[in-house]
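A structural walkthrough
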Amino acid sequence: AARRNVVVVGAQGAGRTTLLAALLAELPAGDRVAVVEARDELSRARRSAASLRVHNGDWSAPVSLALQLRTGRVVFGDCNAAVAQAFVGRLTTGVEGMLVGVEAPSGQAGIARLAAEATRDGWFDKADALARLGHTRPLVVEVSRGGDGALRVSSLGEARPEGAGVKVEPLFTLRVDGADAQGGLTTQLIPTGASPSF
């Protein structure tokens, strides 16, 4: 509802696509949405979205088309150079509510990967990419697979400028309270006391 840009971060198989699809399904009905993905996974969560498929590994064409459609939001199923350049490049031009999935072990590593991918081909230098990410303070959601096999949100934070870089400030972290009789973990997201900037 606040139209924040959101970065969903997790290792392979941790549930990034599952969470992106859930977020996509919850977007306001009036939002015009474009989805860029390699497989038809996210667009099934919102049939009204403009689905732009990646062919032969070429993300540049569908990413460019998604930005030309002037939709209210763009959702990127994965992170690579074309996606990162589009995401980081549009952060300071008034584009709001973008969502992107990034394969990385932590939120901090996910932001670092976005910045690194955006610098490929000389589109941005690292300092500029990090400055844009820090200035616009995207939400960073970490997902993980627990010891019981369940997929969970393990952290919710906000990327903030820190010196010449960016720090992901945790707003909520996952607390494991124990296990139930079936071996499933009992968990809850606990506020850290830090406040978001909005």
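Residues numbered from 1 in each chain as written. Predicted model: local features only at pLDDT ≥ 70, side-chain atom pairs only at ≥ 80, totals over all residues. Heavy atoms only, no water.

1. A look at the environment of serine 155
Quick note on the threshold: Strands here are runs of E lasting at least two residues and helices are runs of H or I lasting at least four, both read from the DSSP assignment and numbered beginning at the N terminus. Here, two residues are considered to be in contact whenever any of their heavy atoms come within 4.5 Å of each other.
Inspection of the secondary structure assignment puts serine 155 in strand E7 (residues 151–162). Those residues within four positions of serine 155 in sequence are excluded, and the remaining contacts are Val140, Val141, Glu142, Pro170, Phe172 and Thr173.

2. As for the pattern of salt bridges
Pairing is possible between side chains of opposite charge, provided their charged atoms come close. The test is simple: What makes a salt bridge here is a side-chain nitrogen of Lys or Arg within 4 Å of a carboxyl oxygen of Asp or Glu, nothing more. Partly exposed residues are those whose accessible area sits between 20% and 50% of the maximum for their type, while under 20% is buried and over 50% is exposed, using a 1.4 Å probe and protein chains only.
As enumerated under the stated definition, the model contains 13 salt bridges in all. The residue glutamate 117 makes a salt bridge to arginine 120 at a minimum N-O spacing of 2.7 Å. On the basis of relative accessible area, glutamate 117 is assigned to the buried category, the value being 10%. A salt bridge links arginine 175 to aspartate 177; its shortest N-O distance comes to 2.7 Å. We classify arginine 175 as partly exposed; its relative accessible area is 40%. Several salt bridges share partner residues, and in doing so they unite Arg3, Asp31, Arg73 and Glu96 into one network.

3. Quick look at the nonpolar core
Going by this rule: To define a nonpolar core, start from buried Ala, Val, Leu, Ile, Met, Phe, Trp, Tyr and Cys residues and group those joined through side-chain atoms within 4.5 Å.
Counting 35 residues, the largest nonpolar core has Phe76, Phe87, Leu114 and Leu133 as the members making the most contacts within it. With six residues, the single largest contributor to this core is helix H3 (residues 81–90). When sequence neighbours within four positions are dropped, the list of residues in contact with leucine 114 reads Val7, Cys79, Ala84, Phe87, Val88, Val100, Val102 and Leu133. One finds Val6, Val33, Ala49 and Val143 within the second-largest nonpolar core, a separate group that totals 18 residues.

4. Thoughts on the sheet that holds strand E6 (residues 139–145)
In plain terms, the rule: Whether two strands pair comes down to DSSP finding at least two bridges between them. Fitting a line to C-alpha atoms yields each axis, with helices limited to the stretch in contact; the angle taken between N-to-C directions then spans 0 to 180 degrees.
The strand order across the open sheet formed by nine strands is E3-E2-E4-E5-E1-E6-E7-E8-E9, and the pairing between neighbours is mixed. Each of the sheet's edge strands pairs with one partner strand only, and the pair in question is strand E3 (50–53) and strand E9 (185–191). Pairwise comparison of adjacent strand axes, ignoring direction, gives a mean angle of 25 degrees for this sheet. The pairing of strand E2 (residues 33–37) with strand E4 (residues 73–76) spans four bridges and is parallel. The residue of E4 that forms the bridge with alanine 34 is valine 74. Each of strand E1 (6–10), strand E5 (99–103), E6, E7 and strand E8 (165–179) is contacted by helix H4 (residues 107–118), which is oriented at about 145 degrees to E8, the strand it contacts most.

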